[in-house]
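For reference, the chains in residue letters:
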Amino acid sequence: MLLSDDEIVQRVLHGDINTYAALIDRHRQCVFRIVVGHVPHDRAEEVVHETFVNAYKGLSSYRGGEKFPNWLSRIAVRCCYDFWRENGRNREIAFSLPEDSVECLERLMADTAMTTYQDAARSREAQTILEWALRQLSPEDRMVITLTALEEKSVAEAAELLGWSRVNVKVRALRVRRKLKDILAQAGISEV
Amino acid sequence: MSNYIERFVIFLSMAHKASAAAADNRFSPAGAVLTASVMDEIFFLSLEDGWRGFTRTAYSFSAMACIAALALFMVSGALGQSTYIDRIINGLLYDPAGLFTLYYMEF
């Protein structure tokens, strides 16, 4: 018989820790999808691991009325935030944008056709530009822009995932867009 | 906000989605490894919890024993039965061997 998430949580809390493996198997893909959107791919497994360990440690705080994946998503997002707080200080290793990526970006900014964007988004240069832009931001700004602009979550959803107030998320989201303007200017790109 | 910033954000969003979709396929084979590594860590955490639990229980037990001794001391003193307590304290302070003798002879 397939146990529900809440039943598994109850069993784990009563000492049957081996059943926790079922929760990991059931939700690891979902957690990975969240994590991979926030941290470098080669560090994603490490953060997913951390998420499940932290979830285990905080299992007693899980309220049965809430959906387990929602609760787990919050932990995953906060683990990503912690990852950038620990690793984001190495911004001195933030790289400058390679010449070919700068050219790609200049072309894109001059072109307003969505189809061009869609084709370019799958290119290697696009990944470099994305990584370069996000590395210029603080961990807080990075989380906010990723959740609100890149993953298109609402302010309320982002606020809940991060455990921040809605006003904080809104203000940061606005500031990040201003910072992006400076970031583009650094690369020598201004409004055409 | 300038229009080109909005376009830049849209482009970043598309690149982000493409990146996440590409990464999605990479993870499945590592699933069993992940489960095993998390379960290993949880096992060690539960051992730590066990030791902490044991320490907490022992600490609580000794605290309860102290409280019980104090209560006994106060009750026996109030009832005028402090002789035993006096003898126990004197024995403990000056003659531990006498204390054990007292224990075996009188209790």
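Scoring rules and cut-offs
- Residues numbered from 1 in each chain as written.
- Chains lettered and ligands numbered in written order.
- Predicted model: local features only at pLDDT ≥ 70, side-chain atom pairs only at ≥ 80, totals over all residues.
- Helix = DSSP H or I, 4+ residues; strand = E, 2+ residues; numbered from the N terminus.
- Buried ≥ 20, exposed ≤ 12 C-beta atoms within 10 Å, placed from the backbone.
- Contact = placed C-beta atoms within 7 Å.
- Expected span 1.5 Å × (residues − 1).
- Nonpolar A, V, L, I, M, F, W, Y, C, P; charged D, E, K, R; others polar.
- Arc of directions from axis to C-beta.
- UniProt positions renumbered as here; feature names shortened; annotations may be inferred.
- Domains from an automatic or database assignment.
- Axes fitted to C-alpha atoms, helices over the stretch in contact; angles between N-to-C directions.
- Parallel < 35°, antiparallel > 145°, perpendicular 65-115°, else oblique.
- Left-handed = near helix turned anticlockwise from the far one by under 90°.
- Core = buried A, V, L, I, M, F, W, Y, C linked by C-beta atoms within 7 Å.

Draft legend 1. Structural context of the overall build of chain B. Helix and strand counts for chain B come out as four helices and zero strands. The helix and strand sequence of chain B, counted from the amino end, reads α-α-α-α.

Draft legend 2. Highlighting the overall build of chain A. The number of helices and strands found in chain A is ten helices and zero strands. Of the regular secondary structure in chain A, the N- to C-terminal order runs α-α-α-α-α-α-α-α-α-α. Along the first, second and third principal axes, the C-alpha atoms of chain A reach 60 × 35 × 35 Å. A burial count over chain A gives 36% of its 192 residues as buried. At a minimum sequence separation of 6, the contacts of chain A that also span at least 24 residues come to 64%.

Draft legend 3. View of helix 7 (residues 124–135) of chain A. Look at helix 7 of chain A: 17 Å from first C-alpha to last across twelve residues, which is about the 16 Å you get at 1.5 Å a residue. All buried positions along helix 7 of chain A are accounted for by A:Glu125, A:Ala126, A:Ile129, A:Leu130, A:Trp132, A:Ala133 and A:Leu134.

Draft legend 4. Up close: the interface of chain B and chain A. In this assembly, 30 residues from chain B lie in contact with 37 residues from chain A. Every element with two or more residues in the side of chain B that touches chain A is listed here: helix 1 (3–27) and helix 2 (31–78) of chain B. With 18 residues, helix 1 of chain B is the largest single contributor of residues to the side of chain B that touches chain A. Here the residues of the side of chain B that touches chain A sort into 19 nonpolar, eight polar and three charged.

Draft legend 5. The arrangement of helix 9 (residues 155–162) of chain A in detail. All names here are of chain A. Of all the positions in helix 9, only Ala 158, Ala 159, Leu 161 and Leu 162 are classed as buried. Down the axis of helix 9, the buried set is contained in an arc of 165 degrees. They therefore lie on one face. Looking at the buried side of helix 9, the elements it contacts are helix 4 (68–87), helix 8 (139–150) and helix 10 (166–186).

Draft legend 6. Region of interest: the UniProt feature "domain: RNA polymerase sigma factor 70 region 4 type" (unreviewed entry) in chain A. Mapped onto this structure's residue numbering, the UniProt feature "domain: RNA polymerase sigma factor 70 region 4 type" (unreviewed entry) falls at residues 133–180 of chain A. A distance of 8 Å separates the end C-alpha atoms of residues 133–180 of chain A, which is 79% helix and 0% strand.

Draft legend 7. Structural view of the domain arrangement of chain A. Residue and element names in this part refer to chain A. When cut into domains, chain A gives domain 1 (5–87) and domain 2 (92–186). Between domain 1 and domain 2, the C-alpha centre-to-centre distance is 26 Å. Contact residues are listed per partner, giving ten residues for domain 1 and eight residues for domain 2. Within the side of domain 1 that touches domain 2, the residues separate by chemical class into four nonpolar, three polar and three charged.

Draft legend 8. Expanded view of the packing of helix 9 of chain A against helix 10 of chain A. All names here are of chain A. With their axes 8 Å apart at the nearest point, helix 9 and helix 10 run at an angle of 110 degrees to one another. Classified by the interaxial angle, the pair formed by helix 9 and helix 10 is roughly perpendicular. With respect to the hand of their crossing, helix 9 and helix 10 are arranged in right-handed fashion. The segment helix 9 lies against helix 10, with Val 155, Ala 156, Ala 158, Ala 159 and Leu 162 engaging Arg 166, Val 169 and Lys 170. Among the residues forming the contact of helix 9 with helix 10, the class breakdown is six nonpolar, no polar and two charged.

Draft legend 9. Molecular detail of the nonpolar core. In this structure, A:Val35, A:Ala76, A:Cys80 and A:Ile129 are the most contacted members of the largest nonpolar core, which totals 63 residues. In terms of residue count, helix 4 of chain A provides more of this core than any other element does, nine residues in total. Counting contributing residues, this core receives three or more from each of domain 1 (5–87) and domain 2 (92–186) of chain A. In contact with A:Ile129, other than residues within four places in its own chain, are A:Leu97, A:Ser101, A:Cys104, A:Leu105 and B:Ala15.

Draft legend 10. Layout of unusual backbone geometry. Residue and element names in this part refer to chain A. Positive phi, close to 55 degrees, is recorded for Glu 152, a residue that is not glycine. With respect to the element layout, Glu 152 can be found in the loop between helix 8 and helix 9. Judged by local crowding, Glu 152 falls into the exposed class, with 11 C-beta atoms found within 10 Å.

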